[in-house]
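Below, each chain spelled out in residue letters.
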Amino acid sequence: MTTARPAGPLLLGVRHHGPGSARAVRAALDAARPQAVLIEGPPEGDALLPLAADEQMRPPVALLAHAVDDPGRAAFWPLAAFSPEWVAIRWALAHGVPVRFIDLPAAHSLAMAEDVERERRPGQDDEPRPEREAEPRPVPVDPIRVLAETAGYDDPERWWEDVVEHRVPGLPGAAATDPLAAFAALGEAMTALREVYGDGGHPRDAVREAYMRVQLRAARKEFGGAFAVVCGAWHVPALEARTTQTADRALLKGLPKVKAELTWVPWTHQRLARHSGYGAGIDSPGWYEHLFASPDRPVERWMTKVAGLLRDEDRFVSSAHVIEAVRLADTLAAMRGRPLAGLSETTDAVRAVMCEGSDVPLALVRDRLVVGVTLGEVPDTAPAVPLQRDLSRQQRTLRLKPEASERELELDLRKDTDAARSRLLHRLRLLGIGWGEPAAGRGSTGTFRESWRLHWEPELYVRVAEAGVWGTTVLSAATARAESDALAATALAEVTALAERCLLAGLTEALPVVMRVLADRAALDADVGHLADALPALARTLRYGDVRSTDTAALGEVAAGLAERICVGLPPACTGLDADGAAALRRQVDGVHTAIGLLAGAVPADADGLRARWRSVLHRLTARDTVAGVIRGRAARLLLDDGRLAQDEAARLMGLALSPGTPPADAAAWIEGFVGGAAGGGMLLVHDERLLALVDSWLTGVPAGTFTDVLPLLRRTFSAYEPGVRRTLGELVRRGPAAGTDPGTGAVPGRESTAPGFGPVLDAARADAVVPVLRLLLGLDAATTAAETSAHQEERLGATG
């Protein structure tokens, strides 16, 4: 039986991003052959519709609308290959039929920001959702869920698959039905729901539907009734309602309005999934794309895809696994009374057969296939702000293609291309476009290597549009932004961090402005803490200048001046601190120590003097009882590591800090500063039994009443050690001090103070024997190695002869 076509326009109520709806729309358009196609969407996008037929256009894509005066106010209308609207657009363009958008203009939607803010629901409209928080409002009605529950389903997705996705023409087992029958049935169901729920918690829909009715009246005058309308099924009853032109225009009178611009941008399957935070109404875009693209034997083809993915991950999956998984999925569908195996059946079959019951590989299947990592493409002719065009050009030149999946990027700054990539990524970060984030790389003590974690998201197109106010190119925009941020900065550390970022981004034109502001802030700021926070960034900046070939002479003068002022003001600043203040200043001391080490190499004119002044400061900190224990301990450790404090002296300082007259909390703080947090703190105790004996003797003597007070601090100190180090320390403590060890000093009478496992003097012959192996490991020339080793031996023989 064929459903009679209505005399008026053909209303095709769909579920957005539904492959069954998309197939039904295509079949209905082929059967009806309308003279025009009207689609729910912003009318400003009409000029962009011809681009949908471009060969470079590959969904998923989205219409991006943003306010010209406020680019951050933006909205998206996403479309996938299986979206009914996309199918209708492509059909109209292929058949030379006019196609238009008829929803409320984006100029009004963006202006009505508070009304736009709501969560999308399956079966309803894919409304843009601005990033602003909205006032709490009742949860909108989910018509698909209501219909599913009425039919006895607890899962609306499974109900939709059973009644729509698996029962449209073209699928195996689907009944041969009139393509308009499904739309008629769905329209009747939505009419019944609207009679009960009204607007369903969407008060803004009344305005949108009034505008759409106005557009339908205009289309009747132009095309008669021979046109089709593709819209959310929820709107069909409202579009069929009999209202007057006057009443509809009254609803539209006085709407707020902004100037808006639209373009096409690539979209991703992750953003189509509800769990990603951008609720487009579907949980499994990758699965839906598969259903749309594979109407023939979809389950078999799906299992083949899953097997290929798992094989790529080095899991053993044979053709027998695929056959058995298909059989199990079909059996589960029959047991559950479903017309065909759906996503739940295929997932259960994959888990049981290919994943051996484990959800770990199944999570990979969900991420890569069920949701998918597809990133769409748009043609170069699509409108874009100048900054976006410059960014796209640089991405092509540097071969940095945006990708939806996260990936690691290793850069060698000695290479021109990698250096240019680094500058681009740093400039984008300065503009607030977080395409790349610095990551911990494979390890290098030099400054020529960088590691990045890249992840392109559609929202970054909005960030690019926002950053367009600073300039038309990435370089000019980043320069203008850096200069503005420097003038607006209130803290010295902000300016020094900005100077570092300018150097990393290669913004030579912005550096003079930043340096002028930096000099002014540094001259006026007398807070030692602020100076200590600012110095490390300057030191790193000077170090970066070596590999990036940047003139950093002005930075060196400012940094040296800051270091001098820190050396003068740090000792008084370390007195009278509470626990939190002492911990913060301890971290600053570490940063200054590292920074001065870098500065000594970058400012060779006064390298020795700068180091000597800083060592003098550390010595003063270790000797002042008024300085917090954690800082005294850390100063002693820094001097010991640099070879400027003898082990005997370190043991003496520890003995004083852990003497019976010292409050246990202060002694624990000294221990934390000396052996906590710093690299090799645990190994220092392992190889110096005197220090370990001092700590052990003090710890066993702490009164029971105060032991619980110092326990958290000690646990924090020693828990940072590697498990092997903790185990070795435990064995040493359990064994007890070496025979004859002085419990007061940890020294053994009559024995030189050497660490266990080391000889009293250097064995030169054994040391020279290691050199060839080390040079081979480093890739150095073996002949040179032998020659240098022979020369070293001759020198030693001559010296001892």
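Structure: above.
Note that the structure is predicted; figures quoted are calculated from it, not measured.

Caption draft 1: Spotlight on the overall build of the protein. Secondary structure assignment for the protein yields 35 helices and 10 strands. Classification of the 801 residues of the protein by burial places 49% in the buried group. Put simply, of all contacts in the protein between residues at least 6 apart along the chain, 73% involve residues at least 24 apart. Taken as a whole, the protein presents about 37200 Å² of accessible surface, with 54% of it coming from carbon and sulfur.

Caption draft 2: Highlighting the packing of helix H31 (residues 689–700) against helix H33 (residues 723–735). Taken N-terminus to C-terminus, the directions of H31 and H33 make an angle of 70°; their axes are 11 Å apart at the nearest point. One finds that H31 runs roughly perpendicular with respect to H33. Listed contacts from H33 to Glu689, Leu692 and Asp696 of H31 are Leu729, Leu732, Val733 and Arg735. Each residue belonging to the contact of H31 with H33 can be placed in one class, and the counts come to 4 nonpolar, no polar and 3 charged.

Caption draft 3: Molecular detail of the side chain of His426. Within the element layout of this structure, His426 appears in helix H18 (residues 416–430). In this structure the side chain of His426 is engaged in a polar contact, spanning 3.1 Å, whose partner is the side chain of Glu450.

Caption draft 4: Focus on the packing of aromatic side chains. Following the criterion strictly, the structure yields 7 aromatic pairs and no others. Measuring from centroid to centroid gives 6.3 Å for Phe82 and Tyr288, while their planes differ by 85°, and the two rings are edge-to-face. One end of the pair, Phe82, is in the loop between strand S4 (74–79) and helix H2 (84–94); the other, Tyr288, is in helix H12 (residues 285–293), and 206 residues separate them in sequence. Judged by centre distance (6.2 Å) and plane angle (90°), the ring pair of Trp86 and Trp264 falls under edge-to-face. Residue Trp86 is located in helix H2, and its partner Trp264 is located in strand S7 (residues 260–266); the two are separated by 178 residues in the primary sequence. Judged by its relative accessible area of 5%, Trp86 is buried.

Caption draft 5: Quick peek at the environment of Ala75. Structurally, the position occupied by Ala75 is in strand S4. Overall, the relative accessible area of 3% leaves Ala75 in the buried class.

Caption draft 6: Examining a nonpolar patch on the surface more closely. A contiguous nonpolar surface patch, about 390 Å² in accessible area, is contributed by Val770, Val773, Leu774 and Leu777. Turning to its location among the elements, Leu774 is positioned in helix H34 (residues 764–777). Exposure remark for Leu774: the relative accessible area of 46% places this residue in the partly exposed category.

Caption draft 7: Structural detail: the pattern of salt bridges. Applying the stated criterion across every chain yields a total of 33 salt bridges. The shortest N-O distance in the salt bridge between Asp418 and Arg421 comes to 3.4 Å. Of this pair, Asp418 and Arg421 both sit in helix H18, 3 residues apart, roughly one helical turn. Across this residue pair, the class does not change: Asp418 and Arg421 are buried. Through salt bridges with shared partners, a single network forms among Arg336, Arg338, Glu345, Asp348, Arg351 and Asp359.

Caption draft 8: Representation of H31 within the structure. The end-to-end C-alpha distance of H31, which contains 12 residues, comes to 16 Å, matching closely the 16 Å that a straight helix rising 1.5 Å per residue would cover. By the burial criterion, the buried members of H31 are Arg690, Leu691, Leu692, Ala693, Leu694, Val695 and Trp698.

Caption draft 9: Spotlight on the packing of helix H14 (residues 319–335) against helix H15 (residues 343–353). Following both chains from N to C, one finds H14 and H15 inclined at 135°, their axes separated by 8 Å at the closest point. One way to sum up the angle between H14 and H15 is to call them oblique. Regarding H14 and H15, the two cross each other, and that crossing is right-handed. On the side of H14, the interface is formed by His321, Glu324, Ala325, Leu328, Ala329, Leu332 and Ala333, while H15 contributes Glu345, Thr346, Asp348, Ala349, Ala352 and Val353.

Caption draft 10: Highlighting the sheet that holds strand S3 (residues 61–67). Sheet architecture is open: 3 strands sit in the order S4-S3-S7, paired in antiparallel fashion. Edge positions in the open sheet fall to S4 and S7, since each of these has one partner strand only. This sheet shows a mean twist of 20° between the axes of neighbouring strands, independent of strand direction. Taken together, the 6 bridges between S3 and S4 define a ladder with antiparallel strand orientation. Following the sheet pairing, Ala62 is matched in S4 by Pro78.

Caption draft 11: Molecular detail of the sheet that holds strand S9 (residues 436–438). Across the sheet, which stays open at both edges, the 3 strands sit in the order S8-S10-S9 with antiparallel pairing between neighbours. Each end of this open sheet is capped by a strand with a single partner; those strands are strand S8 (407–412) and S9. Between one strand axis and the next, the sheet turns by 35° as a mean value, whatever way the strands run. As judged from the 3 bridges shared by S9 and strand S10 (residues 449–454), these two strands associate in the antiparallel manner. In the sheet register, Pro438 faces S10, and the bridge partner there is Trp452. Of the strands in this sheet, S8, S9 and S10 touch H18, which is tilted by about 125° from S8.

Caption draft 12: Spotlight on unusual backbone geometry. Of the consecutive residues Pro59 and Pro60, the connecting peptide bond is found in the cis state with omega at 10°. Note that Pro60 resides in the loop between strand S2 (37–39) and S3. If you check the backbone angles, His17 has positive phi at about 60° while not being a glycine. Look at His17 and you get buried, because its relative accessible area is 0%. Although it is not a glycine, Asp314 adopts a positive phi angle of roughly 65°. Checked against the element boundaries, Asp314 lands in the loop between helix H13 (298–312) and H14. According to the relative accessible area criterion, Asp314 is exposed, its value standing at 74%.

Cut-off values and rules
Residues numbered from 1 in each chain as written. Predicted model: local features only at pLDDT ≥ 70, side-chain atom pairs only at ≥ 80, totals over all residues. Heavy atoms only, no water. Helix = DSSP H or I, 4+ residues; strand = E, 2+ residues; numbered from the N terminus. Buried < 20%, exposed > 50% of the residue type's maximum accessible area, 1.4 Å probe, protein only. Contact = heavy atoms within 4.5 Å. Areas by Shrake-Rupley, 256 points an atom, 1.4 Å probe, with all protein chains shown as cover. Axes fitted to C-alpha atoms, helices over the stretch in contact; angles between N-to-C directions. Parallel < 35°, antiparallel > 145°, perpendicular 65-115°, else oblique. Nonpolar A, V, L, I, M, F, W, Y, C, P; charged D, E, K, R; others polar. Polar contact = N/O pair within 3.5 Å; in protein donor to acceptor, adjacent residues only side chain to side chain. Phe/Tyr/Trp six-rings, centres within 6.5 Å; stacked < 30°, edge-to-face > 60°. Patch = residues over 30% accessible without salt bridge, like charges linked within 9 Å, V, L, I, M, F, W, Y side chains within 5 Å. Salt bridge = Lys/Arg side-chain N within 4 Å of Asp/Glu carboxyl O. Expected span 1.5 Å × (residues − 1). Left-handed = near helix turned anticlockwise from the far one by under 90°. Pairing = 2+ DSSP bridges.

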